[in-house]
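# Structural overview for review
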Amino acid sequence: MIQAVLFDLDGTLADTALDLGGALNTLLARHGLPEKSMDEIRNQASHGAAGLLKLGAGITPEHPDYTAWRTEYLDEYDSRYAQDTGLFDGVNELIAELNQRGIKWGIITNKPMRFTDKLIPKLGFIIPPAVVVSGDTCGEPKPSVKPMLYACGQIHADPQHTLYVGDAERDIQAGRNAGMTTVLAEWGYISDEDDTDSWQADFHIRTPLDLLECLDKIQS
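Okay, so let's go over this structure. (Residues numbered from 1 in each chain as written. Predicted model: local features only at pLDDT ≥ 70, side-chain atom pairs only at ≥ 80, totals over all residues. Heavy atoms only, no water.)

We now examine the nonpolar core. A general feature of soluble globular proteins is that nonpolar side chains tend to end up buried together. In this structure, V5, F7, Y73, F125 and L211 are the most contacted members of the largest nonpolar core, which totals 49 residues. The leading source of residues in this core is helix α1 (residues 17-30), at six residues. Residues contacting F125, with those up to four places away along its chain left out, are L13, L87, V91, N92, I95, W105, I107 and I120. Of all hydrophobic cores here, the second largest spans 14 residues; its members include L6, V133, Y164 and A174. (Core = buried A, V, L, I, M, F, W, Y, C linked by side-chain atoms within 4.5 Å. Buried < 20%, exposed > 50% of the residue type's maximum accessible area, 1.4 Å probe, protein only. Helix = DSSP H or I, 4+ residues; strand = E, 2+ residues; numbered from the N terminus. Contact = heavy atoms within 4.5 Å.)

This is the structure:
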């Protein structure tokens, strides 16, 4: 019996790339650097500020100016975090069906609490999440299992009876290592270089509503 379904946020429940990318391109223009296309941005969006700064400016966490760039980028994103962001098609229908089946749902994201707490109420979820775990909630973000186990503890769900749905390798790693059934959201921010078969997710789905078929298979 599945007790809960937990989701990644960016690229899984919400299409945040336009705002993440808009902030990046504003920053790049300010520094006299060429803007990046939305296709390029979508390929890196799941890697957060680190991935986007590497894409746009070649700045990695080892760079002496990385902290300053990251701060400037996050401040820019803060000014537009919900401007063009919305739920993917089918998300609210899926959540309504989970509720109908008595299955709790929640969010585990690496997005900082600074943004998660403001963004989630603006997304228009038909039923609010039972738990929200941000990247800085537990001191260790995914692929650590700490956020996964913390979320289950908060909603009294057994990880063995929980699904985790995400679009990045770290999502699948964290879910699998926590003992959850893992589901890859193929509509998410996956680059051409990603070898998704090697991630060893239990299920691959092409749309949010495809998750219902996974649940039916597990519970049949």
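Additional details are given in the paragraphs that follow.
Before going further, it helps to spend a moment on the sheet that holds strand β8 (residues 203-205). Sheet architecture is open: six strands sit in the order β5-β4-β1-β6-β7-β8, paired in parallel fashion. Lying at the two open borders of the sheet, with one neighbouring strand each, are β5 (132-133) and β8. Alignment of strand β1 (residues 4-7) against strand β6 (residues 162-166), held across four bridges, turns out to be parallel. Among the inter-strand pairings, L6 is bridged to a residue of β6, identified as Y164. (Pairing = 2+ DSSP bridges.)

Here β1 shows two buried faces, one formed by A4 and L6 and the other by V5 and F7. Bridge count for β1 against strand β4 (residues 104-108) is four bridges, and the pairing is parallel. Residue pairing for β4: V5 is matched across the bridge by W105.

This brings us to the pattern of salt bridges. One pass over the full model with this rule turns up 15 salt bridges. One salt bridge in this structure joins R80 and D84, with 3.0 Å as the shortest N-O distance. Within the structure, one salt-bridge network assembled from shared partners comprises D75, D78, R114 and K118. (Salt bridge = Lys/Arg side-chain N within 4 Å of Asp/Glu carboxyl O.)

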